[in-house]
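Now for the letters of each chain:
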There are 2 protein chains.
Amino acid sequence: MEHITIKDIAKALNLSTSTVSRALRGSHEINPVTKLLVMEYAEKFNYQPNPIALSLKENKSRSIGVIVPEIDNPFFSQAINGIEDIAYNKGYQVVIFQSHESYEREVINTQHITSRRVDGLLISLSGQTTNVEHLKNLHDKGLPIVLFDRISDEINTHKVISDNFEGSFNGTEHLIKTGRKRIAHIAASPHLSISKERVKGYLAALAKHNIPVDESLLKYCNYGLQDIEVVIDQLFANETPPDAIFTASDRLALGCLSTLKKRNIKVPEDIALIGFTNLKVAALLAPSLSTIVQPALDMGKRSAELLFDLIENTSKLPKSYRTFKLYTELIVRNSSVMKSDEERL
Amino acid sequence: MEHITIKDIAKALNLSTSTVSRALRGSHEINPVTKLLVMEYAEKFNYQPNPIALSLKENKSRSIGVIVPEIDNPFFSQAINGIEDIAYNKGYQVVIFQSHESYEREVINTQHITSRRVDGLLISLSGQTTNVEHLKNLHDKGLPIVLFDRISDEINTHKVISDNFEGSFNGTEHLIKTGRKRIAHIAASPHLSISKERVKGYLAALAKHNIPVDESLLKYCNYGLQDIEVVIDQLFANETPPDAIFTASDRLALGCLSTLKKRNIKVPEDIALIGFTNLKVAALLAPSLSTIVQPALDMGKRSAELLFDLIENTSKLPKSYRTFKLYTELIVRNSSVMKSDEERL
DNA sequence: TTGTATGCGTTATCAA
DNA sequence: TTGATAACGCATACAA
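Residues numbered from 1 in each chain as written. Chains lettered and ligands numbered in written order. Predicted model: local features only at pLDDT ≥ 70, side-chain atom pairs only at ≥ 80, totals over all residues. Heavy atoms only, no water.

Trainee: Which parts of the structure should I look at to understand the protein's contact with DNA strand C?
Mentor: Residues in contact with DNA strand C amount to 25 residues; listed here are only the nearest, A:Lys7, A:Tyr47, B:Ser18, B:Thr19 and B:Lys57. Backbone atoms, meaning sugar and phosphate, make up 60% of the atoms of DNA strand C lying within 4 Å of the protein. Between DNA strand C and B:Arg22, the relevant distance is 2.7 Å, taken from a base nitrogen to a side-chain nitrogen or oxygen of the residue. One of the side-chain nitrogen or oxygen atoms of B:Lys57 is found 2.8 Å away from a base nitrogen of DNA strand C. Looking at the surface near DNA strand C, the elements with two or more residues in it are helix 1 (6–13), helix 2 (17–24) and helix 4 (51–58) of chain A together with helix 2 (17–24) and helix 4 (51–58) of chain B. The class makeup of the residues in the surface near DNA strand C is eight nonpolar, ten polar and seven charged. (Near = heavy atom within 4 Å. Polar contact = N/O pair within 3.5 Å; in protein donor to acceptor, adjacent residues only side chain to side chain. Helix = DSSP H or I, 4+ residues; strand = E, 2+ residues; numbered from the N terminus. Nonpolar A, V, L, I, M, F, W, Y, C, P; charged D, E, K, R; others polar.)

Printed below as a string of structure tokens:
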């Protein structure tokens, strides 16, 4: 790829590079005639400033890094959609990394991130990540970072989450109000902030309604279908099996649904199911899936906005960082409500 | 973010930058002792070469651009997953752009792409794109480009598609074999290569089985739910409505399913439905969705591999470019087969 | 074996 | 109003 440079223009017009540079940037200390000449030539030969040269000079890249566990997860692809949207309007480019839920991979990604000289980082932690030194180091060195969804208390910066506690509380309470007595909760990785918050919401709802906690009904589970099958089987090996399952993620809910079908356990008759998800197809599942919706797109947008706030004000650091809690919404569909329950609502 | 540079190391060790540079790159013309000294210092202070400086020098960026219509579309997010996988192993970074199915946006994206000096471009065309001059220009200037999924005949380069004709043919024939007589086909944007190929497959299957083509059963449709509702209503306003719908994409199939439910039209009893999709949840829909699976991940991987082939051999251009056709697979589920049909298969 | 000088494309500083 | 020069970080041709 050949690119025309300022030098080329200068040579062609018999000017110095500095004059051309100034003319291009519309400097007022340049002769209007010269300016026009340069502008026209640049236009004609489609001059585009070399952003790499600018990056080197200004020591910034006008790009931001995004590390997510998996791109191919609707929550994250929606979030990235939102991030790209904001970045596009700011003239920034988005560089994508996947941790594949691996701590090692996440650490390597952060190394790439720094070596790439991105101007900021958006990250949602991997399920394996317990130690966040790699991020702390970056942050201490002055890299603007915003955490979203899967966050950590140990990093003092802006964060964006959905109201996991409330969503979880509402979901659980919904199950209680429709008459369920033994409500299981299947959470994702126990390390994750989202898991902890959702477990708290679950427990709080039980407590409010004076339902004793049965430890055997609280499970942590990986996303693999096999893992889910094991957990379901454990739950049903219980002396008094659960009559409802509240899962802490979209993937888990899908896995449960699939396993329950396989085991010939009827939803919602034998067991109610409610997810924590954002799947567009949730309404089309059999049965349609009750769920707590997270605003993935908005979370992405908000995170990106906060990051650009930080990037554009690196000199004056905010005195205090904030954690933004976005709304969740309980959507009741068929997987959690029987015909006979409906009056009760 | 402060970064240690070669200059810093040189100063600290009282060497010249060239010596440090050579030592770092393991040059054989350097004193082993000096080399060790430099290496240790670099290690200790976590020296990372500045890729921007390298880019400027070598006129390449070790990054590739990816332009897709929407990240938040399972097909593309899976493809990007594959792309990222290959790029990661090659030490390249992936810069993401969305065209949002808009031609204008796609053109702007290609401008950003060039200005960013990416080393290559992977693109799947927007639904509005009929003119590909913007891509031809880039390609003529020497930018390695690989098209995937939504391709164009007018650009002579490597392309990766799934076998749309065969998939479409098999899907249609499956409907014929299960006794359907009036099979509608709902395609996406008529400009898209995938639409054309899938329509061909559909027509070929009808022809093979001597079923006359009814133009009123061939529809083109945008992804919006409202657009789909209009098309479904048109189809059912027909004197003899269809008894099967073969949709050319995942989103269309979902929209159809949802609309048919709303209209109280039973699938598969009143009408069979089959999609062209890769949704992981297809099996969990009500009814479970018969579909033609595209290997999105593999398509992404293959495209990226081809792109790196081109990037790493820019000097010797391949004499001929190839279009790689990846397998598709018909998966029969409940949306296309009634109990009574099953013996017939 | 090491050092000096140059250039990648751009802009800022200083001089004219 | 314009030009010469240096600098960003690195690699390399050339010199020592």
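Trainee: Looking at this structure, how should I read the environment of A:Leu36?
Mentor: Residues and elements named next belong to chain A. With respect to the helices and strands, Leu-36 occurs in helix 3 (residues 32–44). For Leu-36, a relative accessible area of 52% puts it in the exposed group. The spatial distance from the C-alpha of Leu-36 to the C-alpha of Ala-23 is 8.0 Å, given a sequence separation of 13 residues. (Buried < 20%, exposed > 50% of the residue type's maximum accessible area, 1.4 Å probe, protein only.)

Trainee: Where do I start with the protein's contact with DNA strand D in this structure?
Mentor: Around DNA strand D sit 25 residues, and of these A:Thr19, A:Arg22, A:Thr34, B:Ile6 and B:Tyr47 come closest. Protein-proximal atoms of DNA strand D, defined as those within 4 Å of the protein, fall in sugar or phosphate at a share of 59%. Here a phosphate oxygen of DNA strand D sits 3.0 Å away from a polar atom, N or O, in the main chain of A:Ser16. A:Asn31 has a polar backbone atom sitting 2.8 Å from a phosphate oxygen of DNA strand D. Breaking the surface near DNA strand D down by element, the ones donating at least two residues are helix 2 and helix 4 of chain A together with helix 1 (6–13), helix 2 and helix 4 of chain B. Here the residues of the surface near DNA strand D are counted per class, giving eight nonpolar, ten polar and seven charged.

Trainee: Before we go on, may I ask you to explain the sheet that holds strand 8 (residues 244–247) of chain A in this structure?
Mentor: Backbone-to-backbone hydrogen bonds join strands into a sheet, with any given pair of strands oriented parallel or antiparallel. Residues and elements named next belong to chain A. A sheet is described by the order of its strands in space; here six strands give the open sequence 7-6-8-9-10-12, paired in mixed fashion. Of all the strands in the sheet, the pair left with one neighbour each is strand 7 (218–220) and strand 12 (329–331). The mean inter-strand angle of the sheet, taken between neighbouring strand axes irrespective of direction, is 15 degrees. Two strands pair when backbone bridges link them, and strand 10 (residues 290–293) and strand 12 are joined in this way by three bridges, in the antiparallel orientation. Bridge assignment links Val-293 to a residue of strand 12, and that residue is Glu-329. Each of strand 6 (183–187), strand 7 and strand 8 touches helix 10 (residues 225–237); the most contacted strand, strand 7, lies at about 160 degrees to it. Seen against the sheet, helix 11 (residues 250–262) touches strand 6, strand 8 and strand 9 (272–277) and runs at an angle of roughly 150 degrees to strand 9. (Pairing = 2+ DSSP bridges. Axes fitted to C-alpha atoms, helices over the stretch in contact; angles between N-to-C directions. Contact = heavy atoms within 4.5 Å.)

Trainee: Looking at this structure, I do not really get the interface of chain B and chain A. What am I missing?
Mentor: It is common to report an interface's size as the accessible area lost on association of the parts. Taken together, the contact pairs 56 residues of chain B with 56 residues of chain A. For the chain B face of the interface with chain A, the top three residues by lost area are B:Met1, B:Arg117 and B:Leu284, together amounting to 15%. Our enumeration of links across chain B and chain A arrives at two salt bridges. The closest approach of N and O atoms between B:Glu84 and A:Arg105, which form a salt bridge, is 4.0 Å. Linking chain B with chain A are 20 residue pairs in polar contact (both at pLDDT 80 or more). Of all the elements in the fold, those that place two or more residues in the side of chain B that touches chain A are helix 4, helix 5 (74–90), strand 2 (93–98), helix 6 (103–115) and helix 11 (250–262) of chain B. Split by residue class, the side of chain B that touches chain A holds 23 nonpolar, 21 polar and twelve charged. When strand 2 (residues 93–98) of chain A meets strand 2 of chain B, the two strands line up antiparallel, connected through three bridges. Looking at strand 2 of chain B, one finds that A:Val94 is bridged to B:Ile96. (Buried area = accessible area lost by both parts, 1.4 Å probe. Salt bridge = Lys/Arg side-chain N within 4 Å of Asp/Glu carboxyl O.)

Trainee: Would you explain the nonpolar core in this entry?
Mentor: Formed by 88 residues in total, the largest nonpolar core has its most connected members in A:Ile186, A:Ile245, A:Leu285, B:Ile186, B:Ile245 and B:Leu285. Judged by nonpolar contacts, the second largest core, of 57 residues, contains A:Val66, A:Val160, B:Met299 and B:Ala304. (Core = buried A, V, L, I, M, F, W, Y, C linked by side-chain atoms within 4.5 Å.)

Trainee: When you look at the relation of the copies chain B and chain A in this model, what are you seeing that I'm missing?
Mentor: Both copies of the chain are tied together by a single rotation about an axis and a shift running along it. It takes a turn of 180 degrees to lay chain B on chain A, together with a shift of 0.0 Å along the axis; the resulting RMSD is 0.1 Å. Both copies of the chain, as the preceding transformation shows, are related through a two-fold rotation axis. Of all interface residues in chain B, 100% are interface residues in chain A too; the two copies therefore contact each other through one and the same surface. (Least-squares fit on C-alpha atoms with pLDDT ≥ 70 in both.)

Trainee: Explain the layout of surface pockets to me, please; I cannot follow it from the model alone.
Mentor: Unoccupied space between atoms shows up once a probe the size of one water molecule is rolled over them. There is about 950 Å³ of room inside the largest pocket. Within the residue set of the lining of the largest pocket, elements represented by two or more residues are helix 5 (74–90), helix 10 and helix 11 of chain A together with helix 5, helix 10 (225–237) and helix 11 of chain B. (1 Å grid on protein atoms, 1.4 Å probe; cavity = no way out; pocket = protein on both sides within 12 Å on 5 of 7 lines; lining within 4 Å. Points joined across faces, edges and corners; volume = space filled by probe spheres on them.)

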